[in-house]
Amino acid sequence: MAAMTSTARPLLNRRLAEFGTTIFAEMSALAVATGSINLGQGFPDTDGPEEIREAAVRALRDGRGNQYPPGPGVPELRTAIAAHQLRRYGLSYDPDTEVLVTAGATEAIAAALLALLEPGDEVVALEPYYDSYAASIALAGGRRVPVTLRPHEGSFRLDLDELRAAVTDRTRLLLVNTPHNPTGTVLTRAELAAIAELAVERDLLVVTDEVYEHLVFDDAEHLPLAAFPGMRERTVTIGSAGKTFSFTGWKVGWVTAAPALVSAVRAAKQFLTYVSSGPFQYAVAEALALPESYYDDFRNSMRERRDILSAGLTAAGFEVFRPAGTYFVTTDIRPLGEKDGFAFCRALPERAGVVAIPNAVFYDDREAGAPFVRFAFCKRADVLREAAERLRAM
């Protein structure tokens, strides 16, 4: 076979050149290679409710979703999503025109940004941010403008003055994530009201990633931005079944928004996956109808796991930022005499048999994120105790 002809132009689209392989793939591979406990990538080590898994099996056997489902998603799921938004938040959406099912939240984010941005548009995003945000903005030709959440009295907080100052005449869109990955911050009513006022004042679109909506702890409360004055018609809300029901491999996400916004997002989404997760859509429709006790038990279980891991990390010498939401704990490694999160995480499997994620991958300003490391606590309690013991021994 002839060798590929060399050209001066790189093969990879220059918009993606800065990203490379995701840190999640790298660290998960390292966990397998070293036999370490993987507290890096955010997936549970047990499946969700048995009755929902059986609902997927039933759909497969009944031939529901084995062929292409409808482009917007199966009607049963769209109806269940709309009912969920109305029941929990008082937000009324038309299942036929204001709900779109996607291949997980990651596709929803990509489709929304590809649909709503033109080259050169600025996107203000809360930093640190999930790595797909930056890649999706780049693919759309946009320019990301980070507003950094900074440590303050045991948590990471948003500076509203900094947010306002980041908006320019070129700003098209605010990209908001609450509950926030990786810091575990849950934006308050006052913070969300200020974001809403800014969006209305500057006539901005907002994409809000709310996939951890059911994982808020203690006194925190999840409030959808679309429910604030002036936001219903300018907000694309993204949700997902993977985090709430512990079936991350099913890749069932969704968008709720006004008809014009859903139509725009669907125009991009149809050329990404077109459709996906056929039988699983029927199962998720049943999951969304589970009684409130399911959500209470799920949240309580995760809070207990948060406390197990947080206590273990504190005992091991980390500074721990106790999360108000999500299933991640951010730590500062400087009390351990460390300062480089990348080096620390790459050495941790050999040193302690545990895998974590360096938060610097979620920052444009890598120095700002350098001393922070994220651990996932969506694992069994015995696994978390073992991980904590290994870290203490280190």
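These numbers were taken from a predicted model, which means no experiment stands behind them.

Caption draft 1: Broad picture of the overall build of the chain. Within the chain, the regular secondary structure consists of 14 helices and 15 strands. For the chain, whose C-alpha radius of gyration is 21 Å, the value lies close to the compact-globule estimate of 21 Å for 394 residues. Dimensions of the chain, computed from the C-alpha atoms along their principal axes, are close to 65 × 55 × 50 Å. Evaluated residue by residue, the chain yields a buried proportion of 57% over its 394 residues. For the chain, restricting intrachain contacts to residue pairs at least 6 apart in sequence, the fraction spanning at least 24 positions comes to 75%. Surface exposure of the chain reaches about 16,700 Å², of which carbon and sulfur atoms provide 51%.

Caption draft 2: Quick peek at the domain arrangement of the chain. Domain boundaries in the chain define domain 1 (18-48 + 293-393) and domain 2 (50-288). The C-alpha-based centres of domain 1 and domain 2 are spaced at 24 Å. Listed per partner, the contact involves 34 residues of domain 1 and 42 residues of domain 2. Both sides together, the interface formed by domain 1 and domain 2 hides about 3,300 Å², and carbon and sulfur atoms give 58% of it. Taken as a group, Tyr295, Thr326 and Phe362 account for 20% of the area that domain 1 buries against domain 2, more than any other trio of residues on that side. At the boundary of domain 1 and domain 2, one finds four salt bridges. Taken together, domain 1 and domain 2 are joined by 18 residue pairs in polar contact (both at pLDDT 80 or more). Only α11 (292-315), β12 (328-332) and β15 (372-376) provide two or more residues apiece to the side of domain 1 that touches domain 2.

Caption draft 3: Inspection of unusual backbone geometry at higher detail. For the bond running from Thr178 to Pro179, omega is -10°, close enough to zero to count as cis. Within the secondary structure layout, Pro179 lies in the loop between β7 (171-177) and α7 (189-201). Between Asn181 and Pro182 the backbone carries a cis peptide bond, its omega angle lying at 20°. Mapping Pro182 onto the fold places it in the loop between β7 and α7. In the Ramachandran plot, Lys251 falls in the positive-phi region, its phi being about 55° despite a non-glycine side chain. Given the relative accessible area of 35%, Lys251 is considered partly exposed.

Caption draft 4: Spatial organisation of the pattern of salt bridges. Per the counting criterion, the structure on display carries 29 salt bridges. Glu201 serves as the salt-bridge partner of Arg164, at 3.0 Å between the closest nitrogen and oxygen. A residue pair is termed long-range when its members are at least 10 positions apart, and Arg164 in helix α6 (residues 160-166) and Glu201 in helix α7 qualify at 37 residues. By relative accessible area, Arg164 is classed as partly exposed at 37%. On the basis of relative accessible area, Glu201 is assigned to the exposed category, the value being 52%. Three or more residues joined by partner-sharing salt bridges are found here, namely Asp218, Arg306, Asp307 and Arg322.

Caption draft 5: Highlighting the UniProt feature "domain: Aminotransferase class I/classII large" (unreviewed entry) in the chain. Per the UniProt record, the feature "domain: Aminotransferase class I/classII large" (unreviewed entry) sits at residues 37-391. Measuring from the first to the last C-alpha atom of residues 37-391 gives 11 Å, for a span that is 41% helix and 18% strand.

Caption draft 6: Representation of the packing of aromatic side chains. For the structure shown, the criterion picks out 20 aromatic pairs. Plain terms: the ring middles of Phe321 and Phe372 are 6.0 Å apart, the flat faces sit at 75° to each other, and that makes the pair edge-to-face. On the criterion of sequence distance, the pair formed by Phe321 in strand β11 (residues 319-321) and Phe372 in strand β15 is long-range, its members being 51 residues apart. For the pair formed by Phe321 and Phe372, the shared burial category is buried. An aromatic cluster is defined as three or more aromatic residues linked by ring pairs; in this entry it consists of Phe24, Tyr129, Tyr130, Tyr133 and Phe362. Residue placement shows Arg64 over the ring face of Tyr282; its charged tip is 4.8 Å from the ring centre.

Caption draft 7: Representation of helix α3 (residues 75-89). Its 15 residues place the ends of α3 21 Å apart at the C-alpha level, agreeing with the 21 Å of an ideal helix rising 1.5 Å per residue. Of the positions making up α3, those classed as buried are Leu77, Arg78, Ala80, Ile81, Ala82, His84, Gln85 and Tyr89. Packing partners of the buried residues in α3 comprise β2 (99-102), β9 (235-240), β10 (253-256), α10 (278-287) and α11.

Caption draft 8: Expanded view of a nonpolar patch on the surface. Taken together, the side chains of Leu114, Leu139 and Leu272 make up a nonpolar region of the molecular surface, amounting to roughly 230 Å² of accessible area. The residue Leu114 is located in helix α4 (residues 104-116) in this model.

Caption draft 9: Summary view of α4. Between the first and last C-alpha of α4 there are 19 Å, a value that for 13 residues agrees with the 18 Å anticipated at 1.5 Å per step. Most of α4 sits out of view: 10 of its 13 residues are buried. When we look at burial in α4, the residues that qualify are Gly104, Ala105, Glu107, Ala108, Ile109, Ala110, Ala111, Ala112, Leu113 and Leu116.

Cut-offs used in this document
Residues numbered from 1 in each chain as written. Predicted model: local features only at pLDDT ≥ 70, side-chain atom pairs only at ≥ 80, totals over all residues. Heavy atoms only, no water. Helix = DSSP H or I, 4+ residues; strand = E, 2+ residues; numbered from the N terminus. Rg over C-alpha atoms; globule rule 2.2 N^0.38 Å. Buried < 20%, exposed > 50% of the residue type's maximum accessible area, 1.4 Å probe, protein only. Contact = heavy atoms within 4.5 Å. Areas by Shrake-Rupley, 256 points an atom, 1.4 Å probe, with all protein chains shown as cover. Domains from an automatic or database assignment. Buried area = accessible area lost by both parts, 1.4 Å probe. Salt bridge = Lys/Arg side-chain N within 4 Å of Asp/Glu carboxyl O. Polar contact = N/O pair within 3.5 Å; in protein donor to acceptor, adjacent residues only side chain to side chain. UniProt positions renumbered as here; feature names shortened; annotations may be inferred. Phe/Tyr/Trp six-rings, centres within 6.5 Å; stacked < 30°, edge-to-face > 60°. Lys NZ or Arg CZ within 6 Å of the ring centre and 35° of its normal. Expected span 1.5 Å × (residues − 1). Patch = residues over 30% accessible without salt bridge, like charges linked within 9 Å, V, L, I, M, F, W, Y side chains within 5 Å.

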